[in-house]
Amino acid sequence: MSTSARTEEDARLREAMSLLSATLESTADGILVVSAEGRISSVNNQFLSMWGIPRELVDTGDDESVMGSVLGQLTDPEQFLAKVTALYADPDAESHDVLHFRDGRTFERYSRPQKVEDRVVGRVWSFRDVTAARRAQDQINQAMADLAQQASQLKTLAFQDPLTGLSNRQLFNDRLAHALAGPCGTAVDVLLLDLDDFKEVNDIHGHHAGDQMLIEVGRRLRACVRPNDVVARLGGDEFVVLLVGSLDADAAAARVVESLKLPVWIDGTMLRPSLSLGLASISEDAVDASELLRRADIAMYAAKSAGKNRYLRFRPEMMTALLERTDLEAGLRTAVDSGEIAVHYQPIVSARLGTVVKVEALARWERDGALVPPHQFIPTAERSGLIVEIGTEVLLRGCTELEPWLSADSSRSLAVNVSGVQLQQGNFPELLFATAGSCGVDPHQLVVEVTESVFFDDDCQVQRQLVQLRSAGVRVALDDFGTGYSSLGRLQDLPVDTLKIDQSFVGLIHGGTEPLPILNCMIDMAHGLGLTVTAEGVETREQAEYLMRRGCDSLQGFLFSRPQPAPSLPAALSASARTITALRHDTAAQTQSVL
Ligand code: C2E
Ligand code: CA
Ligand code: CA
């Protein structure tokens, strides 16, 4: 080669070298070139600054120190070395991997052979700092994961009842539709249930207790069925269970009713909830969701009417019963308008005086020559509001028919039952005073019997009316005491004069010698609060004697007389007086003989 040609060649080489070095230095990657013998042959400045290695260290040729500095920064130096060793064993190989630093940085590492023509003369390593990109990717991943979790939470919430954590109505409807669209022949059963008298739990013990009760009921329902069965709260105290492919829905329904037999403890108070359940199953003539639910609802209604705390399977006759109820309401309206509501009277005797001191007026409906019992028409009358007119009629008839008996002795009185619906009208005292006045009956000779549930409504309107009645001399008796969710503890706050112990407690007295602590406690507590006590449903001598011994003030029941229409009342009064006189005589004789 001529001198000028060599000079030209050198210049081209220098230009190529400067271009290469400029390129190397302008790249954001750190580059390290290692010879075939494993010695560092060149590095760019970016490599040095990325790894924090002083240029002097490289220039001294102390490759071991450089390697030591590199390894010291990594979280997994062994893996780094293993990779290097593997690549040197295979000089033609290319690789790409990721390095993690102790200080949290992340580098991508590329490695490829350095070749002159086809000969491998070394290896080029390049490193790229991808920490920022990695972090951004991690953040994106995290955000995506959070979003996915939130979406799944929202989805759960949309189908969940927030109080009990059970499914909600929408999910139940979806599942029911899905079940009905499933293979033909699969059993589909709907168990619709409603807590009995739940309103009283809320009214008497407060909404917190009500909520706790619903949560506990939800828990028990869940435990009665298989994990895949849907248990939903439809709202309020109404729940529904969907069984798909169940072999014995009746057994499941029975289990559900049974599950509430164990009392529920809420804030130290023992409550005994119960429920009424209607069961309907898929069949040839009930294949769609709305029909199944309607049938379950009718069956549930029938379970309530049959006395609550039970389950009933839908039967077509129940439809008839439903129609009969509608018919009953229409009939009752006509009865009220045409004066078919009559009143029967039941004597109440004084244990101390041995005479009849009071008479309770009880509504009777004479329908087509037969008597419809009050428990059949009073609930209908309350639902429809007709009870207001019935109550007024009973009071008017009672005052009219008993006026002669009352006026003969001012210590006698007439008791009437007053429904909460009547007290919600707000003008009950005025109505009572006007009616009594029109018949010439003194308010002192009237007793209104109310059940405890009337006290737990809303404002103090009911209390106010009862206070107004009492200040005019009317006495207030608390009826059916001991049933429902009544509590002895609340007695002292109520404006009442008399406690009527429910007949279910009196029914506990058989021989008269058994210990009955609850009954005794009720009598003592009422007396302690200055109330008089009347026992209802006294049917046997043993019961009367027991109650008299326990200091019960008055007794009422078939033992003395059944409720009688006005014309038969004089005979009933005499018979009752005779019975109590004989009882007192016998009790006195027994006491004498004991002494
Ligand atoms: P209540 O106020 O507890 O009335 C007592 C019920 O017990 C009456 O039932 C009476 O016949 C019955 N009874 C009395 N002695 C005995 C006995 O020794 N053994 C048994 N097994 N039962 C006895 P009745 O007349 O069927 O009334 C049922 C319920 O209907 C009443 O219970 C009351 O809650 C309601 N009721 C009746 N008349 C009226 C009314 O005019 N207005 C309102 N709001 N409710 C009424
Ligand atoms: Ca009563
Ligand atoms: Ca009663």
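Criteria and cut-off values
- Residues numbered from 1 in each chain as written.
- Chains lettered and ligands numbered in written order.
- Predicted model: local features only at pLDDT ≥ 70, side-chain atom pairs only at ≥ 80, totals over all residues.
- Heavy atoms only, no water.
- Disulfide = S-S within 2.5 Å.
- Buried < 20%, exposed > 50% of the residue type's maximum accessible area, 1.4 Å probe, protein only.
- Pairing = 2+ DSSP bridges.
- Helix = DSSP H or I, 4+ residues; strand = E, 2+ residues; numbered from the N terminus.
- Axes fitted to C-alpha atoms, helices over the stretch in contact; angles between N-to-C directions.
- Patch = residues over 30% accessible without salt bridge, like charges linked within 9 Å, V, L, I, M, F, W, Y side chains within 5 Å.
- Areas by Shrake-Rupley, 256 points an atom, 1.4 Å probe, with all protein chains shown as cover.
- Salt bridge = Lys/Arg side-chain N within 4 Å of Asp/Glu carboxyl O.
- Expected span 1.5 Å × (residues − 1).
- Arc of directions from axis to C-beta.
- Contact = heavy atoms within 4.5 Å.
- Donors = N, O, S within 2.8 Å, 3.2 Å for Na, K, Ca; no water.

A. Quick peek at the state of the cysteines. Using the criterion set out here, one finds zero disulfides in the structure. Free of any disulfide, cysteine 552 has its nearest cysteine sulfur in cysteine 521, 14 Å distant. Among the residues examined, cysteine 552 registers a relative accessible area of 3% and is labelled buried.

B. The arrangement of the sheet that holds strand 5 (residues 119-129) in detail. Spatially, the five strands line up as an open sheet ordered 2-1-5-4-3, and their pairing is antiparallel. Two strands close off the open sheet at either side, each with one partner strand: strand 2 (40-43) and strand 3 (95-100). The average angle at which neighbouring strand axes cross in this sheet is 25°, direction not considered. Relative to strand 4 (residues 106-116), strand 3 is paired through six bridges, and the arrangement is antiparallel. Counterpart to aspartate 97 in the pairing with strand 4 is arginine 109.

C. Broad picture of a nonpolar patch on the surface. Taken together, the side chains of Leu13, Met17 and Leu20 define a hydrophobic patch exposed on the protein surface, amounting to about 320 Å² of accessible area. Among the structural elements, leucine 20 can be located in helix 1 (residues 3-26).

D. Main features of helix 16 (residues 428-439). Spanning twelve residues, helix 16 covers 17 Å between terminal C-alpha atoms, matching the ideal 16 Å at 1.5 Å per step. Among all positions in helix 16, only Phe428, Pro429, Leu432, Thr435, Ala436 and Cys439 are buried. Across the axial projection of helix 16, the buried residues extend over an arc of 135°, all falling on one side. Away from the buried face of helix 16 by more than 90 degrees, exposed residues Gly437 and Ser438 are located. As for helix 16, its buried residues are in contact with helix 14 (387-407), helix 15 (420-424), strand 17 (446-451) and helix 17 (461-471). Residue glycine 440 follows helix 16 closely and has a positive phi angle near 75°.

E. Looking closely at the coordination of the calcium ion (ligand 3). Donor atoms from the polypeptide that coordinate the calcium ion (ligand 3) comprise Asp479 (OD), Asp480 (OD), Glu536 (OE) and Glu536 (OE), at 2.1 to 2.4 Å from the metal. Each donor residue of the calcium ion (ligand 3) belongs to the same chain, with the gaps between them written as D-D-x55-E. Separating the calcium ion (ligand 3) from the calcium ion (ligand 2) is a gap of 4.1 Å, which aspartate 479 spans by donating to each of them. Overall, the relative accessible area of 28% leaves aspartate 480 in the partly exposed class.

F. How the structure looks around the sheet that holds strand 8 (residues 238-244). Pairing is mixed across the open sheet formed by five strands, whose spatial order is 7-8-6-11-12. Edge positions in the sheet fall to strand 7 (230-235) and strand 12 (310-313), since each of these pairs with one other strand and no more. Along the sheet, successive strands turn relative to each other by an average axial angle of 20°, direction set aside. As paired strands, strand 6 (residues 188-195) and strand 11 (residues 275-281) are joined by seven bridges and run antiparallel to one another. Counterpart to aspartate 189 in the pairing with strand 11 is serine 281. Most of the contacts of helix 7 (residues 169-180) go to strand 8, to which it runs at about 25°, and overall it touches strand 6, strand 7 and strand 8. Relative to strand 11, helix 11 (residues 289-305) is tilted by about 145°, and along the sheet it contacts strand 6, strand 8, strand 11 and strand 12.

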